[in-house]
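# Coordinate analysis (summary)
The primary structure of each chain is shown beneath.
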Amino acid sequence: MDSRLEVLKNALEPVLTPEEIVIDSIEYVKEGTYFFLRIVLDKINGIDLDTIVEATNLINPIVDELDLFEDSYILDVLSKERE
């Protein structure tokens, strides 16, 4: 894992853990002309849209404060797909 993503994961876990939200994966990828910081979350018994919104509100200020990426990107917070 990219060291920047590791720093981000370590910063986010203490904020998300009390909400029983776990980080499934974090990736920084370019798709077409856009960069995405994609954070996939999970929770026991699944995660609903309200929880994703709540988590995004917790994640966004931390991502902004850390300022780990030079390029402009889209923050994409989503739930882990279940089979």
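Just so we're clear, the structure is a prediction, and the values are computed from it rather than from any experiment.

So, on to unusual backbone geometry. Not every positive phi belongs to a glycine, and E20 is a case in point at roughly 60°. For E20, a relative accessible area of 58% corresponds to the exposed category. Its identity is not glycine, yet N45 carries a phi of approximately 70°, on the positive side. Position of N45 among the secondary structure elements: in the loop between β2 (34-43) and α2 (49-66).

There is a patch of like negative charges on the surface, built from E19, E20, D48, D50 and E54. Relative to the helices and strands, E54 resides in helix α2.

With 6 bridges connecting them, β2 and strand β3 (residues 74-79) associate as parallel partners. Bridged to L41 within β3 is S79. Running through α2, the crossover from β2 to the neighbouring parallel element β3 is right-handed.

In this section: α2. Spanning 18 residues, α2 covers 25 Å between terminal C-alpha atoms, matching the ideal 26 Å at 1.5 Å per step. The axis of α2 is deflected most strongly, by about 25°, at I59, and proline P61 appears within four residues downstream. Listed as buried for α2 are T51, I52, A55, I59, I62 and V63. Looking one or two places after α2, you find D67, whose phi comes out positive at around 45°.

So, on to the side chain of R38. By secondary structure assignment, the location of R38 is in strand β2. Within the structure, R38 has its side chain in polar contact with the side chain of E31 (distance 2.9 Å). Leave out the neighbours within four places in its chain, and R38 touches S25, I26, E27, V29, E31, D76 and L78.

Read across the open sheet, the 3 strands follow the order β1-β2-β3; overall the sheet is mixed. Pairing within the sheet leaves two strands with one partner each, and these edge strands are β1 (21-31) and β3. Here the strands of the sheet are splayed against their neighbours by 20° on average, with no regard to which way each runs. Sheet analysis places β1 next to β2, joined by 10 bridges and oriented antiparallel. Each residue of the ladder has a partner; that of K30, found in β2, is F35. Packed on one face of the sheet, helix α1 (residues 3-16) meets β1 and β2 and runs near 145° to β1. Where α2 meets the sheet, its contacts fall on β1, β2 and β3, and the angle it forms with β3 comes to roughly 145°.

Rules of the game
- Counting from 1, residues in each chain are numbered in the order their sequence is written.
- Selection of residues for local features in this predicted model requires a pLDDT of at least 70, selection of side-chain atom pairs for listing and counting requires 80 or more, and totals for whole chains, interfaces and linings are taken over all residues.
- Water and hydrogen atoms were dropped before computing side-chain values, which therefore reflect all heavy atoms in the structure.
- The cut-offs for exposure are 20% and 50% of the maximum accessible area for each residue type, with area from a 1.4 Å probe on protein chains only; residues under the lower value are buried, those over the upper are exposed, and the others partly exposed.
- Secondary structure elements follow DSSP: runs of H or I of four or more residues count as helices, runs of E of two or more count as strands, with numbering from the N terminus.
- Like charges within 9 Å and nonpolar side chains (Val, Leu, Ile, Met, Phe, Trp, Tyr) within 5 Å are joined into patches, using only residues over 30% in relative accessible area that form no salt bridge.
- Reported accessibility uses the Shrake-Rupley method at a 1.4 Å probe radius. Residues are deemed covered only where the shown protein chains occlude them.
- A carboxyl oxygen of Asp or Glu within 4 Å of a side-chain nitrogen of Lys or Arg is what we treat as a salt bridge.
- Think of it this way: Lys and Arg go in the positive column, Asp and Glu in the negative one, and His and the chain ends go nowhere.
- Every charge is mapped to an atom, namely NZ of Lys, CZ of Arg, CG of Asp or CD of Glu.
- Any two strands are treated as partners once DSSP identifies two or more bridges connecting them.
- Look down the strands so they point away from you; if the path from the first strand over the helix to the second goes clockwise, the crossover is right-handed.
- Each helix should span, by expectation, one fewer than its residue count multiplied by 1.5 Å.
- Bend is computed residue by residue as the angle between axes fitted to the seven residues ending at the residue and the seven residues starting at it.
- For the purposes of these results, a polar contact is taken to be a pair of N or O atoms within 3.5 Å, where, inside protein, one atom must be able to donate a hydrogen and its partner to accept one; residues adjacent in sequence count only when each atom of the pair is a side-chain atom.
- Note on contacts: a residue pair is in contact if any heavy atoms of the two residues lie within 4.5 Å.
- Here an angle of 0 to 180 degrees is reported between the N-to-C directions of two axes, which are lines fitted to C-alpha atoms, with helices fitted over the stretch in contact.

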